[in-house]
Amino acid sequence: MVTGFKNLISRKSAFTNSKDIHTRLMRSYKEVPEWIYLVVLCVSIGIGAAVIAVYPTGASPAAALYGVFLAVLFCVPCGIIKAVTNVEVTLNVIAELFGGLWFPGNANAMNFFKAYGYITTLHTLYFAQDLKLAHYIHIPPWVTFSCQVYATLVSTFVCTAALNYQMKKIPGVCTPEQKDRFTCPPINTAFAASVTWGTLGPKKMFGAGATYNGLLWCFLAGAFLPIPFYFLGKKWKVFRYFHAPVFLYGGLFWAPYNLANIWPTVPIAWLFNYYIKKRYLGWWSKYN
């Protein structure tokens, strides 16, 4: 993680320390200048802030800027965990906590801050993942960048149109009585989070003397939890395979669904990733 932040500050080229065959082949292609990324970032923040200010959102344009700052802080650590474990540690709760503290009683402002912090981090990692895939299959960086920009622009209108259609044309959508079972469990979770963190606010829920004040200690526990397992792993081999963020993420993976939705994946995952991998590694490597 320290190396990741050092590289972020020093702006070293990806070709500096890597001499593998893929890197040597990719040297033939022109890199996308960093000022291009900066322009896209500034334009995106500017448009977002302007829209928040012009439309009757009741939110401050600063929500966009604060949100992107949160993404800058967490992209490297979240990216390293994703690269090592293939687990995406999401920032939605942290974004809701800080958003609720900075914009108390304003669910809209909290949601804008959450979107610019949490979603920006998530899609930054997706883009890095695409660049990594393009690196190994030798697609020019400019092609990958252009495809991402165009796809993002198109999907903005497509997703908005799809959302408007769902809200206006599907009777009873996102209600428990919806006849086709379009009950929207994740959407209702997001709505509940908006009420909890935005309207009520973290101070009323987790402040001094509040009902859930004790849960704030979980942040400290999570920060120190990996340390004992690091030292235990030096003495006993079995603890080397315990990764605290992955372990804690397991419970989050199940929400908001019930046991029936997730359990069928467990025997299938065990069959492919333990039984078949152990006995037919070649087949598993090719098809899994």
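Because the structure is predicted, anything quoted here is derived from the model rather than measured.

About the criteria used
Every chain is numbered on its own, with residues counted from 1 as its sequence reads. Since the coordinates come from a predicted model, pLDDT governs what is reported: local features require at least 70, and pairs of side-chain atoms require 80 or more to be given and counted, while whole-chain, interface and lining totals use all residues. Calculation of side-chain values draws on the structure's entire complement of heavy atoms; hydrogens and water are dropped beforehand. Here, axes are lines fitted to C-alpha atoms. For helices the fit covers the stretch in contact, and angles between N-to-C directions go from 0 to 180 degrees. Helix and strand assignments follow DSSP, with helices taken as H or I runs no shorter than four residues and strands as E runs no shorter than two, numbered in order from the N terminus. Handedness of a crossing is defined here by the sense of rotation of the near helix relative to the far one, left-handed for an anticlockwise turn of less than a right angle and right-handed for a clockwise turn. Working rule for contacts: check all heavy atoms of both residues, and any pair within 4.5 Å makes them a contact. Side-chain classes follow a simple rule in which Ala, Val, Leu, Ile, Met, Phe, Trp, Tyr, Cys and Pro form the nonpolar group, Asp, Glu, Lys and Arg form the charged group, and the remainder, Gly included, forms the polar group. We call a set of buried Ala, Val, Leu, Ile, Met, Phe, Trp, Tyr and Cys residues a nonpolar core when their side-chain atoms join them within 4.5 Å. Partly exposed describes any residue whose relative accessible area lies between the buried limit of under 20% and the exposed limit of over 50%, with all areas from a 1.4 Å probe on protein chains only and scaled to the type maximum. The method works on a 1 Å grid over the protein atoms by themselves. A cavity is a set of points holding a 1.4 Å probe that cannot get out, a pocket is an open set with protein on both sides within 12 Å along at least five of seven lines, and residues with an atom within 4 Å of a point line them. Grid points are joined across faces, edges and corners, and a volume is the space filled by probe spheres set on the points. Scored from 0 to 100, pLDDT records how confident the predictor is in each individual residue. Working rule for helices: expected span equals 1.5 Å times residues minus one.

So, the packing of helix α4 (residues 62-85) against helix α5 (residues 92-102): which residues are in play, and what are the values?
To describe two helices that pack against each other, one gives the angle between their axes and the distance between the axes. The N-to-C vectors of α4 and α5 enclose an angle of 145 degrees; their axes lie 11 Å apart at closest approach. Regarding α4 and α5, the two cross each other, and that crossing is right-handed. Contacts between α4 and α5 involve Y66, L70 and F74 from the former and I94, A95, F98 and W102 from the latter. Taken together, the residues of the contact of α4 with α5 sort by class into 7 nonpolar, no polar and no charged.

Tell me about the nonpolar core, and please be specific about residues and values.
Within the largest apolar cluster, 18 residues are counted, with the highest numbers of intra-cluster contacts made by I52, A64, A95, F103, F113, Y116 and Y118. Within the residue set of this core, elements represented by two or more residues are α3 (34-54), α4 and α6 (107-136). Residues contacting F103, with those up to four places away along its chain left out, are S60, A63, Y66, A109, F113 and G198. If you look at the next biggest cluster of nonpolar residues, it comprises 6 residues, including L97, M110, W197 and F206.

I'd like to hear about the layout of surface pockets, residue by residue, with values.
What the second largest pocket holds in volume is close to 1,300 Å³. Considering the residues around the second largest pocket, the lining is formed by 33 residues, among which V89, I94, G222, P245 and L248 are closest to the centre. Within the residue set of the lining of the second largest pocket, elements represented by two or more residues are α4, α5, α10 (217-224), α11 (226-235) and α12 (244-254). Tallying contributions element by element places α4 first for the lining of the second largest pocket, with 6 residues. Along the lines of polarity and charge, the residues of the lining of the second largest pocket split into 29 nonpolar, 4 polar and no charged.

Outline the environment of E177, listing residues and values.
With respect to the helices and strands, the residue E177 is situated in the loop between α7 (141-169) and α8 (185-200). For E177 and K203, which are 26 residues apart along the polypeptide, the C-alpha to C-alpha distance reads 34 Å.

I'd like a description of empty space enclosed by the protein, backed by residues and values.
A full pass over the atoms with the stated rule returns 1 cavity of 30 Å³ or more. Residue lining of the largest cavity: C78, E88, V89, T90, L91, Y118, T121, L122 and L125, and that is the complete set. It is α6 that contributes the most residues to the lining of the largest cavity, 4 residues altogether. Partitioning the lining of the largest cavity into residue classes produces 6 nonpolar, 2 polar and 1 charged.

Help me get a handle on the confidence of the model for the protein chain, residues and values and all.
Parts of the prediction with low pLDDT should not have their coordinates interpreted in detail. Summary statistics for the protein chain give a mean pLDDT of 85 and a share of 95% for residues scoring 70 or more. Ranking the elements of the protein chain by mean pLDDT puts helix α1 (residues 2-10) last with 70 and α7 first with 92.

So, α8: which residues are in play, and what are the values?
Relative to the 22 Å expected for 16 residues at 1.5 Å per residue, α8 spans 21 Å between its end C-alpha atoms, a close match to the ideal helical length. Tucked into the core, α8 has its buried residues touching α5, α6 and α9 (202-206). Count one or two residues on from α8 and you reach G201, which has phi positive near 95 degrees.

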